[in-house]
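# Coordinate inspection notes
As a plain string of letters, each chain reads:
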Amino acid sequence: MIPGQAPKSTARPRTVIFGNSKGGVGKSTLALLMALGLATRHRDASVKLIDLDPQATSSNSLQRFCDQRFSVVQGSSLRCDDGSPNNEKILKHINTERLNNFKRRFVVLDGAAGHQPDNSAFLHHCDIMLIPTSVSDADIYATRSYISGLHALFSIRGNRQRAAGPALVILPNLVDSRDEFNELRHALSKERAYLGKPLYYSPAFRRAFREQRNDENIRIIFNQTQPYTLWLTSLVTQSHRLDKKPEKLFQL
Ligand SMILES: Nc1ncnc2c1ncn2[C@@H]1O[C@H](COP(=O)(O)OP(=O)(O)OP(=O)(O)O)[C@@H](O)[C@H]1O
Ligand SMILES: [Mg+2]
């Protein structure tokens, strides 16, 4: 090590990815909520958001919060020339930290629309995968096929020595009533995954990514969603408690 230079941390972080091949289901909104939620709840931890979406919605918005403890990674180097994820680069960002001053590390990945699990070996290194969806038919069909792609990926690489991929948790989003949540639960009842708590539709989320004086928009969202954000961040800190493969949909 060069004298005077801080050692790079290689301690394994708790890693969560928001993924769904379907666009507009709330991946970036929930990634923003998760990254800020973890950073405010765990002051002894560093939080890194890795934005895999070329649109860079969450990373552009979170850039203003960056400091020694909170960082954002984005850019074309995270993708190969054909647009598929650059597994090696992503893993490097997951595994290394500029400073190792912190007791714990969290990594939050914001996935891109159109993501295909079969070219994403980095997913094996995630602890938990959160899959937002709404109750619309288009979103449900896409979510089913995405989950089936994930199971295919994890069954190829899974063996007795190695955990077979991260726990999968479907996150119902943009829900407008309990009935709608029940409808979604019924439509996904055969999926081998966990089902999370519903996040209800709120106009406040439409302002999640803008930069406002005093971060009034963020404050409103956090006030409105306090119990949900607490639950969401606990999913990551408690991810080791989730048995990796429920036989059918298992409601948390
Ligand atoms: N619970 C909610 N209530 C109201 N609006 C929401 C909610 N969740 C997300 N939205 C809005 O839905 C839109 C899509 O959300 P978001 O950008 O997070 O989806 P995404 O899955 O990241 O999309 P993409 O695949 O294009 O990256 C945004 O305008 C966002 O503000
Ligand atoms: Mg997005």
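Quick summary incoming for the structure in this document.

Reading the values: the criteria
Throughout this description, residue numbers start from 1 for each chain and increase along the sequence as written. Each chain gets a letter, beginning with A, and each ligand a number, beginning with 1, in the order they are written. Reporting of local features is limited, given that this is a predicted model, to residues whose pLDDT is at least 70; pairs of side-chain atoms are given and counted only at 80 or more, and all residues count toward the totals for whole chains, interfaces and linings. Side-chain descriptors were evaluated using all non-hydrogen atoms of the structure, hydrogens and water having been removed beforehand. Labels follow the DSSP assignment, with helices taken as runs of H or I lasting at least four residues and strands as runs of E lasting at least two, numbered in each case from the N terminus. Taken over C-alpha atoms, the radius of gyration is set against a globule rule of 2.2 Å times the number of residues to the power 0.38. With a 1.4 Å probe rolled over the protein chains alone, any residue whose accessible area is under 20% of its type maximum counts as buried; one over 50% counts as exposed, and the rest are partly exposed. Contact criterion: two residues are considered in contact whenever any of their non-hydrogen atoms come within 4.5 Å of each other. For accessible areas, the Shrake-Rupley method is used with a probe of radius 1.4 Å. Any residue's cover is judged against the shown protein chains and nothing else. The term disulfide is used for any two cysteine sulfur atoms that are within 2.5 Å. Only the stretch in contact is used when fitting a helix axis, every axis being a line fitted to C-alpha atoms; angles between N-to-C directions are given from 0 to 180 degrees. An angle below 35 degrees is treated as roughly parallel, one above 145 as roughly antiparallel, one from 65 to 115 as roughly perpendicular, and anything else as oblique. Nonpolar residues are Ala, Val, Leu, Ile, Met, Phe, Trp, Tyr, Cys and Pro. Charged residues are Asp, Glu, Lys and Arg, and all others, Gly as well, are polar. Strand pairing follows a simple DSSP-based rule, namely that at least 2 bridges must link the two strands. Under the pairing criterion, centres of Phe, Tyr and Trp rings, with the six-membered ring standing for Trp, must be within 6.5 Å; the plane angle then separates stacked pairs below 30 degrees from edge-to-face pairs above 60, leaving the rest tilted. By convention in these notes, a salt bridge is any Lys or Arg side-chain nitrogen within 4 Å of a carboxyl oxygen on Asp or Glu. What a helix should span is 1.5 Å times the count of its residues minus one. Near is defined per residue: the residue qualifies when any heavy atom it owns lies within 4 Å of the molecule or strand. Polar contact criterion, stated in full: a pair of N or O atoms within 3.5 Å, where within protein one must be able to donate a hydrogen and the other to accept it, and residues adjacent in sequence count only if both atoms are side-chain atoms.

Here we come to the overall build of the chain. For the chain, the helix and strand inventory stands at seven helices and eight strands. Radius of gyration (C-alpha) of the chain: 18 Å, near the 18 Å computed for a compact globule of 252 residues. Referenced to the eigenvectors of the C-alpha coordinate spread, the extents of the chain come out at roughly 60 × 50 × 35 Å. For the chain, with 252 residues in total, the buried portion stands at 51%. When contacts within the chain are restricted to residue pairs at least 6 apart in sequence, long-range pairs at least 24 apart make up 76% of them. As displayed, the chain offers around 12500 Å² of accessible surface, 49% of which is attributable to carbon and sulfur atoms.

On to the state of the cysteines. Here a disulfide denotes a covalent bond joining the sulfur atom of one cysteine to the sulfur atom of another. In this structure the tally under the stated criterion is zero disulfides. Sulfur of C66: no disulfide; nearest cysteine sulfur belongs to C126 and is 20 Å away. On the basis of relative accessible area, C66 is assigned to the partly exposed category, the value being 31%. Between C80, a cysteine without a disulfide, and C126, which holds the nearest cysteine sulfur, the sulfur-to-sulfur distance is 16 Å. The partly exposed category is assigned to C80, whose relative accessible area is 34%.

Next up on the list: the packing of helix α1 (residues 27–41) against helix α6 (residues 216–224). Across the interface, α1 lies against α6 with an axial gap of 12 Å and an inter-helix angle of 85 degrees. The pairing of α1 with α6 is recorded here as roughly perpendicular in orientation. Between α1 and α6, the contacting residues are L32, L33, L36 and G37 on the first element and I218, I221 and F222 on the second. Considered class by class, the residues forming the contact of α1 with α6 number six nonpolar, one polar and no charged.

Turning our eyes to something else, we now look at the packing of α1 against helix α7 (residues 226–237). Relative orientation of the contacting elements α1 and α7 amounts to 80 degrees, with a least axis distance of 9 Å. As far as their axial angle goes, α7 and α1 are roughly perpendicular. Contact with α1, carried on its side by L30, L33, M34, G37, L38 and R41, involves Y228, T229, L230, L232, T233, S234 and V236 of α7 and no other residues of that element. Residues belonging to the contact of α1 with α7 are distributed by class as follows: eight nonpolar, four polar and one charged.

Attention now goes to the sheet that holds strand β5 (residues 128–133). For sheets, the rule is that strands pair by backbone hydrogen bonds, running either parallel or antiparallel. In space, the eight strands of this open sheet follow the order β3-β2-β4-β1-β5-β6-β7-β8, with parallel pairing throughout. Each having just a single partner strand, β3 (70–73) and β8 (250–251) make up the two edges of the open sheet. Of the pairings in the sheet, the one linking strand β1 (residues 14–18) to strand β4 (residues 104–110) comprises five bridges and is parallel in character. By the bridge assignment for β4, V16 is matched with V108.

We now examine the packing of aromatic side chains. By the definition in use, this model includes two aromatic pairs. An angle of 80 degrees between the planes, with centres 5.7 Å apart, marks the rings of Y194 and F250 as edge-to-face. You can see Y194 sitting in strand β7 (residues 194–195) and its partner F250 sitting in strand β8, a full 56 residues away along the chain. Both rings, one in Y228 and one in W231, keep their centres 5.5 Å apart while their planes meet at 50 degrees; by these two values the pair is tilted.

Looking now at the pattern of salt bridges. Applying the stated criterion across every chain, the model contains six salt bridges. Of the charged contacts in the structure, one is a salt bridge between E97 and R105, with a shortest N-O distance of 3.7 Å. What makes E97 buried here is its relative accessible area of 8%. On the basis of relative accessibility, which here comes to 7%, the residue R105 falls in the buried class.

Under the 1.5 Å per step criterion, the end-to-end length of α7 is 17 Å for twelve residues, consistent within 8% with the ideal 16 Å. For α7, the set of buried residues is Y228, T229, W231, L232, T233, L235, V236 and T237.

Around ligand 1, 17 residues are found, and the nearest of them are G24, K27, S28, T29 and N173. Here an oxygen atom of ligand 1 sits 2.9 Å away from a polar atom, N or O, in the main chain of S28. Protein contact buries 86% of the 640 Å² of open area that ligand 1 shows by itself. Across the shell around ligand 1, the residue classes break down as six nonpolar, eight polar and three charged.

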